[in-house]
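The lines below spell out each chain.
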Amino acid sequence: MDVAEKLAILAPAAHYEACDTHAVAGRRYQSTKAHWSENALSAEADAKGVRRPVMRLLMSAECVHNCPYCPLRAGGDVPRATLTPDEAAAAVAPQLQRHNAGLLLSTAVVGSADASGSAVVDSAQILRNRYAYRGYLHLKLPPGVSHAVVEAAARVADRMSLNIEVPSAARQAVLDPSRDWRSDVILRLRWMRDLYQAGQIKSGIATQFVVGAAGESDQELITATAWLRKELAVGRVYYGAFKALAGTPMANARSTPQVRTQRLLQADWLLRHYGFAAEELAFDGQANLSLAHDPKLAWALHHPELFPIEINRAPAEQLLRIPGLGPLGVKRILRLRTLGMLREPAHIAVLGAATQRIIDFVTFDGRFFGTGRTMQIARRNANKPIVEQLTLF
Ligand code: SF4
């Protein structure tokens, strides 16, 4: 099989594994599909939070594992191909140059975790040494990879990742008992953390959940996310929606709606930038986030006793909890307060469209100008079914 034929197989296969949603500076990017073409660019933030085009290449679509949701699993009936490190580097180098792009390099587990991880590292080294590639490199290593390979990867990578998939050993046992969650995944992430904290991985560590594959709740995912950030210094946590794909043992399971992954991302954003603790978020009786409301609005609706807030006196951290108000809006309000008392909505008109939402949650020098519209809409939306467009992948 020549390289072009291999790429024709590996490009669509990259759909299945890639981190396809990135949150950067409060904005979400939905990447394009990972076709091996000029459209294969997606967005990923570098060490400085700058969004850059990133190409993705899956080096192998052959796998010894049998994750039940994955079409690349050993028992799956899909075309297979594996690029050698030389082939991968030679194929990707001109594309990276043409697009001035970064690269996310990953692989299924062909042979062993170490053999596959080494192939990824070798390919990265060839890019750096033979093709003088100095751009952004994100290397995704397979679970169970050895310390030596993790260390070697850290020497060439800007960012490293290893997919966690599920939030606990108990969920791993449900999904795929052949993998040891603590050893194959968490221990390897610890190694990455140590290298990151030693200054060897400058753009940090990432991981990804497959949301909904193991019956886990949002609360489990968010609690695990908070732990990953605190204990393992994981900088980026991605939430990929489980899709029930034909030809897998989970073909008849219910696919996870994309909106669920959006809510998880928003909740994670609240933990990172808004001072929320995981246990503060509003979860329903099944320990899930509301699909109808963003987590900040859902939290506010659960705490009517905390509103309205006096806009002239509330500290920044309290203002930050008002639905519709982000760090920039809070900064603006604090600046406006230095100019004089805010007595009516017109005094915060500089906030634009957010003003209408905010007035339902604040008083201006003791006066309330809210209409209750935000709550009315929220209640109406709470009863609406979530309708999503189906995608092929
Ligand atoms: S290890 Fe990765 S590629 Fe292999 S079956 Fe599991 S999810 Fe698929």
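*Asks:* Explanation requested: the overall build of the protein chain in the structure shown.
*Replies:* The helix and strand inventory of the protein chain stands at 13 helices and 12 strands. Going through the 393 residues of the protein chain one by one, you find that 42% of them count as buried. A separation threshold of at least 6 residues defines the contact pool for the protein chain, and within that pool the share at least 24 residues apart is 64%.

*Asks:* Explain the environment of D218 here, please?
*Replies:* When you line up the elements, D218 lands in helix α7 (residues 218-232). Sequence spacing of D218 and Q286 is 68 residues, and the spatial spacing of their C-alpha atoms is 8.8 Å. Among all residues touching D218, those that are not within four sequence positions of it are L264, F283, A287, N288 and L289.

*Asks:* Which parts of the structure should I look at to understand the pairing of strand β9 (residues 234-241)?
*Replies:* Both faces of the sheet carry side chains from a regular strand, because those side chains alternate between them. In terms of burial, β9 is largely enclosed, as 7 of its 8 residues are buried. Two elements, strand β8 (residues 205-211) and β9, share 7 bridges in a ladder whose sense is parallel. When the sheet's bridge partners are listed, I205 is paired in β9 with V234. Read as a crossover between parallel neighbours, the route from β8 over α7 to β9 is right-handed.

*Asks:* Would you explain the nonpolar core in this entry?
*Replies:* Generally speaking, soluble globular proteins have nonpolar side chains that are buried together. Of all hydrophobic cores here, the largest spans 98 residues; its most connected members are L103, L139, A153 and M192. Split by domain, the residues of this core number at least three in each of domain 1 (3-256) and domain 2 (295-382). The residues contacting L139, other than those within four sequence positions of it, are L105, V120, V121, A124, A153, A157 and M160.

*Asks:* Could you clarify how one ought to interpret the site of the ligand in this entry?
*Replies:* The environment of the ligand is made up of C63, H65, C67, C70, L72, R73, A108 and V109. Here the shell around the ligand is composed, by residue class, of 6 nonpolar, 1 polar and 1 charged.

*Asks:* Can you help me understand unusual backbone geometry in this one?
*Replies:* In most cases, non-glycine residues show a negative phi, while peptide bonds are predominantly trans. Of note, the bond from F307 into P308 is cis; its omega dihedral lies within 30 degrees of zero at 0°. A positive phi is found at A233, a non-glycine position, where the angle reads about 55°. Along the chain, A233 falls in the loop between α7 and β9. Positive phi, close to 65°, is recorded for A287, a residue that is not glycine. Tracing the chain through its elements places A287 in the loop between α8 (258-273) and α9 (295-302). Looking at A287, the number of C-beta atoms within 10 Å reads 14, which means it is partly exposed.

*Asks:* Is there a simple way to think about the packing of helix α4 (residues 147-156) against helix α6 (residues 181-197) in this case?
*Replies:* Packed helices, taken two at a time, are described by the angle between their axes plus the distance between the axes. The N-to-C vectors of α4 and α6 enclose an angle of 35°; their axes lie 10 Å apart at closest approach. Crossing geometry of α4 relative to α6 is assigned as right-handed. Contacts from H147, V150, E151 and A154 in α4 reach R188, W191, M192 and L195 in α6. Of the residues contributing to the contact of α4 with α6, the split by class is 5 nonpolar, 1 polar and 2 charged.

*Asks:* When you look at the sheet that holds strand β12 (residues 367-368) in this model, what are you seeing that I'm missing?
*Replies:* Paired through backbone hydrogen bonds, the strands of a sheet run either parallel or antiparallel to each other. Spatially, the 3 strands line up as an open sheet ordered β10-β11-β12, and their pairing is mixed. Looking along the sheet, the strands with just one partner apiece sit at the ends: β10 (309-310) and β12.

*Asks:* Help me out: how do you make sense of helix α11 (residues 327-339) in this one?
*Replies:* One full turn of an α-helix is made of 3.6 residues, so residues set three or four places apart face in the same direction. Over its 13 residues, α11 extends 19 Å from the first C-alpha to the last, a length consistent with the 18 Å expected when each residue adds 1.5 Å. Three or more residues of α11 are buried, namely G329, V330 and I333. When α11 is viewed along its axis, its buried side chains cluster within an angular range of 100° and face the same direction. Exposed side of α11, more than 90 degrees from the buried face: L328, K331, R335, T338 and L339 are the residues found there. Along its buried surface, α11 packs onto α10 (316-319) and α12 (354-358).

Rules of the game
- Residues numbered from 1 in each chain as written.
- Predicted model: local features only at pLDDT ≥ 70, side-chain atom pairs only at ≥ 80, totals over all residues.
- Helix = DSSP H or I, 4+ residues; strand = E, 2+ residues; numbered from the N terminus.
- Buried ≥ 20, exposed ≤ 12 C-beta atoms within 10 Å, placed from the backbone.
- Contact = placed C-beta atoms within 7 Å.
- Pairing = 2+ DSSP bridges.
- Right-handed = clockwise from strand over helix to strand, strands pointing away.
- Core = buried A, V, L, I, M, F, W, Y, C linked by C-beta atoms within 7 Å.
- Domains from an automatic or database assignment.
- Near = placed C-beta within 6 Å.
- Nonpolar A, V, L, I, M, F, W, Y, C, P; charged D, E, K, R; others polar.
- Axes fitted to C-alpha atoms, helices over the stretch in contact; angles between N-to-C directions.
- Left-handed = near helix turned anticlockwise from the far one by under 90°.
- Expected span 1.5 Å × (residues − 1).
- Arc of directions from axis to C-beta.

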